[in-house]
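# Observations on the model geometry
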Number of protein chains: 2
Amino acid sequence: MLMNYARLFAGMKTQKLDAIVATMPENVTYASGFWAMSQWIRRGPQAYVLTPAEGRGESAVIASTGLIDLVTHPDVWVKDIRRFGKFIVDRTPDISLDAHDSRIETLLAQADDGEAVAALVRAIKDRGLDRARIGVDEIGILPQYWDKLAESLPNATLVRAADVFRYARAIKTPEEIARLRRSAQIADMSISAALAVAREGATEMDLARAFHAKTINEGGYPVLGCIGVGPRSAMTNVQPSEQVMHAGDIIRFDVGGRYNHYRADIARNAVIGEPSAKVKTYHRAICAGLDRAIGMIKPGVRVADVFHAAVNTVRQEGIPHYQRSHVGHGIGLDGYDAPNIAPSNDDVFEEDMVICVETPYYEMGLGGLQVEDTMAVTRDGVDSFMLSSTELRIL
Amino acid sequence: MLMNYARLFAGMKTQKLDAIVATMPENVTYASGFWAMSQWIRRGPQAYVLTPAEGRGESAVIASTGLIDLVTHPDVWVKDIRRFGKFIVDRTPDISLDAHDSRIETLLAQADDGEAVAALVRAIKDRGLDRARIGVDEIGILPQYWDKLAESLPNATLVRAADVFRYARAIKTPEEIARLRRSAQIADMSISAALAVAREGATEMDLARAFHAKTINEGGYPVLGCIGVGPRSAMTNVQPSEQVMHAGDIIRFDVGGRYNHYRADIARNAVIGEPSAKVKTYHRAICAGLDRAIGMIKPGVRVADVFHAAVNTVRQEGIPHYQRSHVGHGIGLDGYDAPNIAPSNDDVFEEDMVICVETPYYEMGLGGLQVEDTMAVTRDGVDSFMLSSTELRIL
């Protein structure tokens, strides 16, 4: 189970919601297990999951008929499927279908609801929620569909509720932690694979090809691939080019794909040949800041306190002018889940958060130095997902 | 140049727009060349491009400071950059920066606008457009940001305008056609790479790994990877599994990544060993339907007529019960640009459309058969991007 129902229900209670509707791909997958491919790879396709408040009825998934094979996938735990739109799937006469295909056949035999909002409205009415206070994740639903929903439910109160999902997603379930661990480890192994081809004369693209090939070989999917060498490594979002590596060049990885839909985001550095004294000092400083942050994190510790400790440690240990707007963030189906580890954040760490902690430093002319680890918050500290150390690798 | 300014201006004129604002990642890239990474890989991050109507002023890009290295990329042709938010990039003292880094330094030295809507509002006011009729792509802007924009411009009229971009994007520029051709050809070569490892005992995942590795090696990025064997190939959105291939199995590819941000979407079939007579007949029928469609397409031909001709040909040539809701679609930055080749579409084909034409057939119990080609519409026909034929490959 991906969704933390207890946490979602608590968030809904705070907002006095009788039901909540997921509309953006991350929340649709989160609330049902349904990977609605078309909305993941495009903007606009609609898929929804209706989750009534505790004790108010079962969840329902609203899916385009064209996604019927994905909404019947064994990972989808919501049983009430409402489909909309025409899509033709035939079947060989006079043969018996397996359980999965039989379920598709049954669903296709039912009348569809024409379009997405009509299907959602029927699911809401079937649960007696048409006068309810309904939270709607405002990020994935098209504005004209929101309008149609409001018109179709004149006695309901619709409120924007993407933040309730964000609140729920911050505390991971065991299945989410397992996927995130694997995702981070695939990224970590992919950095090692890229470093195996790093040498003078190789290009950023050579590293990127080795990186992504390893990600794919391990069952992951490429997403974030910022890999830069030399001064280009100072570009925050550096996209691999034909830039050739030279002796003394910094290599910066800020990378991570998806595994079973869950994101990775880690960072490491290497140098071709002997690093300069400045690079060694600066890298030690960012590692010290990272270690300080990680050493502090446990349930109840203030997020802002960790931010300040990390930044101050980097300053004391060798980059006196170090400044940051955050030193990390949660991670899950979204690459930036709560909490944002920033000075303005009054929240505390909680058990089963999964977080990326990072102390990047970008200097035009020199390059970029960045270490970023991913870990789960445990009862009394953290459980790191990393396979490699943060040390500056000398190639 | 990616954007077809003449077509956009024509679409704006029809809607009486004095300016238009791109907000979803596809439209932001389209209107400026700016690949706003964070909004491509997540939902919520805001980036905008303001394009005044012809003769009403230059365009402006509104970008998070954290994306400063991407918004200054040489592919971005819009020169007025408005940044928002805090992000720290240092520079080595006493060295000279190259032109790109100097530009970053200059932009960072200017005051930022705090947040996205404030930056957009200032760009609008600077152009004297604060009493104008402004089209806003409603898909990428968060609803609360739309509200803030409306409050900040009480004398302007805001109208939803994603469809104006969709209209413009339908007719490609030469740069777009070049990228789409390469993207389709990478997908085509990747199918060949996957088929090179296809044999009894290999798995869907083996094919997928070979497919994506080739895509990456050619400089593409994986997106769509529906690869299924045997009865699983009938699943429209089949995701590669550990399913093993057996003699007689159909292999269906419905695949395509991105190259330089532009999508591919093509389909091919193979069979392990000798196909059944039914499979041979059905595959010939869908190829005949595809050929019929492609043979008809040229500027001025009605889209709906091509739909009916394709479906009727497949029926006549061997699948009498064949039904479809569409037989293809445009392709560009979005995998489904206009036109949708559907019976209800009253539009005609136009020169420089880039389209995917497809005649898929899904039969539970048998498998999925699908041929899909990508091509540009030329003055008197089509220019196919494909390297391989649609023939059923016997392995």
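Everything quoted here is computed from the prediction, not taken from an experiment.

Attention now moves to the overall build of chain A. In terms of helices and strands, chain A carries 12 helices and 19 strands. In terms of overall size, chain A behaves like a compact globule, its C-alpha atoms giving a radius of gyration of 24 Å where 395 residues would be expected to give roughly 21 Å. Principal-axis analysis of the C-alpha atoms gives chain A an extent of 70 × 50 × 35 Å. By the burial criterion, 56% of the 395 residues in chain A qualify as buried.

What follows is about the domain arrangement of chain A. Residue and element names in this part refer to chain A. Domain assignment breaks chain A into domain 1 (5–169) and domain 2 (174–394). Computed over C-alpha atoms, the centres of domain 1 and domain 2 are 35 Å apart. On the side of domain 2, six residues touch domain 1, which itself brings seven residues to the contact. When its residues are assigned to classes, the side of domain 1 that touches domain 2 shows three nonpolar, one polar and three charged.

Relative to chain B, chain A is turned by 180° and slid 0.0 Å along the rotation axis, the superposed coordinates differing by an RMSD of 0.0 Å. Here the two chains are linked by the operation of a two-fold rotation axis. By C-alpha distance to the rotation axis, the residue of chain A lying nearest is Ala-213 of chain A, at 2.7 Å. Of all interface residues in chain A, 100% are interface residues in chain B too; the two copies therefore contact each other through one and the same surface.

Here we come to the pairing of strand E17 (residues 372–377) of chain A. Residues and elements named next belong to chain A. With six of six residues buried, E17 lies mostly within the body of the structure. The sheet contact formed by strand E14 (residues 354–358) and E17 spans five bridges and is antiparallel. In the strand pairing of E17, Val-354 is matched with Ala-376. Pairing of E17 with strand E18 (residues 382–384), which is carried by three bridges, proceeds in the antiparallel orientation. Bridge pairing links Val-377 to Val-382 in E18. Between E17 and E18, which pair antiparallel one after the other, the connecting turn spans four residues.

Okay, the interface of chain A and chain B next. A common way to express how large an interface is: the accessible area buried when the components associate. The interface of chain A with chain B comprises 54 residues on the first partner and 54 residues on the second. Going through the elements one at a time, helix H3 (37–41), helix H4 (68–71), strand E5 (90–91), helix H5 (99–109), helix H10 (204–217), strand E8 (221–229) and strand E15 (361–364) of chain A are the ones with two or more residues in the side of chain A that touches chain B. A per-element tally of the side of chain A that touches chain B places H10 of chain A first, with five residues. As paired strands, E15 of chain A and strand E5 (residues 90–91) of chain B are joined by two bridges and run parallel to one another.

A few words now on the sheet that holds strand E4 (residues 80–84) of chain A. Residue and element names in this part refer to chain A. Taken in spatial order, the six strands of this open sheet run E4-E3-E2-E1-E6-E7, and their pairing is mixed. Unpaired on one side and paired on the other, E4 and strand E7 (157–160) mark the two borders of the sheet. Recorded for the sheet is a direction-independent mean angle of 20° between the axes of neighbouring strands. Judged from the three bridges that link them, strand E2 (residues 48–52) and strand E3 (residues 60–64) form a sheet pairing that is antiparallel. The residue bridging Val-49 from the neighbouring strand is Val-61, located in E3.

What follows concerns the confidence of the model for chain A. With 100% of its residues at a pLDDT of 70 or more, chain A has an overall mean of 97. The complex prediction reports pTM at 0.98, with the ipTM value standing at 0.97.

Glancing now at the packing of helix H6 (residues 116–126) of chain A against helix H7 (residues 143–152) of chain A. All names here are of chain A. Closest axis-to-axis distance for the H6/H7 pair is 10 Å, and the angle between their directions is 35°. The way H6 lies across H7 gives a crossing that is right-handed. Between H6 and H7, the residues in contact are Ala-116, Val-117, Leu-120 and Val-121 and Tyr-145, Lys-148, Leu-149 and Ser-152, respectively. For the contact of H6 with H7, the per-class residue count stands at six nonpolar, one polar and one charged.

Another point: the packing of helix H1 (residues 5–14) of chain A against helix H8 (residues 162–169) of chain A. All names here are of chain A. For the pair H1 and H8, interaxial distance at closest approach is 8 Å and the crossing angle is 140°. By crossing handedness, the relation of H1 to H8 is classed as right-handed. Counting all contacts with H1, which are made through Arg-7, Leu-8, Gly-11 and Met-12, the residues of H8 involved are Val-164, Tyr-167 and Ala-168. Partitioned by chemical class, the residues of the contact of H1 with H8 number five nonpolar, one polar and one charged.

What follows concerns the environment of Thr-92 of chain A. Here Thr-92 of chain A is to be found in the loop between E5 and H5. As for Thr-92 of chain A and Tyr-259 of chain A, which are separated by 167 residues in sequence, their C-alpha atoms are 34 Å apart. The contacts of Thr-92 of chain A, once residues within four sequence positions are left out, are Glu-363, Met-364, Gly-365 and Leu-366 of chain B.

Read across the open sheet, the three strands follow the order E16(A)-E15(A)-E5(B); overall the sheet is mixed. Edge positions in the open sheet fall to strand E16 (367–369) of chain A together with E5 of chain B, since each of these has one partner strand only. Where E15 of chain A lies against E16 of chain A, three bridges are found, and the strand directions are antiparallel. Directly across from Tyr-361 of chain A, in E16 of chain A, lies its bridge partner Leu-369 of chain A.

Residues and elements named next belong to chain A. Position of Ala-168 relative to the elements: it lies in helix H8. Residue classification places Ala-168 among the buried residues on the basis of 24 C-beta atoms within 10 Å. Sequence spacing of Ala-168 and Glu-372 is 204 residues, and the spatial spacing of their C-alpha atoms is 24 Å. Residue contacts for Ala-168: discarding those within four places in its chain leaves Met-3, Asn-4, Arg-7, Leu-8 and Gly-11.

Here is what the cut-offs are and how they apply
Residues numbered from 1 in each chain as written. Chains lettered and ligands numbered in written order. Predicted model: local features only at pLDDT ≥ 70, side-chain atom pairs only at ≥ 80, totals over all residues. Helix = DSSP H or I, 4+ residues; strand = E, 2+ residues; numbered from the N terminus. Rg over C-alpha atoms; globule rule 2.2 N^0.38 Å. Buried ≥ 20, exposed ≤ 12 C-beta atoms within 10 Å, placed from the backbone. Domains from an automatic or database assignment. Contact = placed C-beta atoms within 7 Å. Nonpolar A, V, L, I, M, F, W, Y, C, P; charged D, E, K, R; others polar. Least-squares fit on C-alpha atoms with pLDDT ≥ 70 in both. Pairing = 2+ DSSP bridges. Axes fitted to C-alpha atoms, helices over the stretch in contact; angles between N-to-C directions. pLDDT = per-residue confidence, 0-100. Left-handed = near helix turned anticlockwise from the far one by under 90°.

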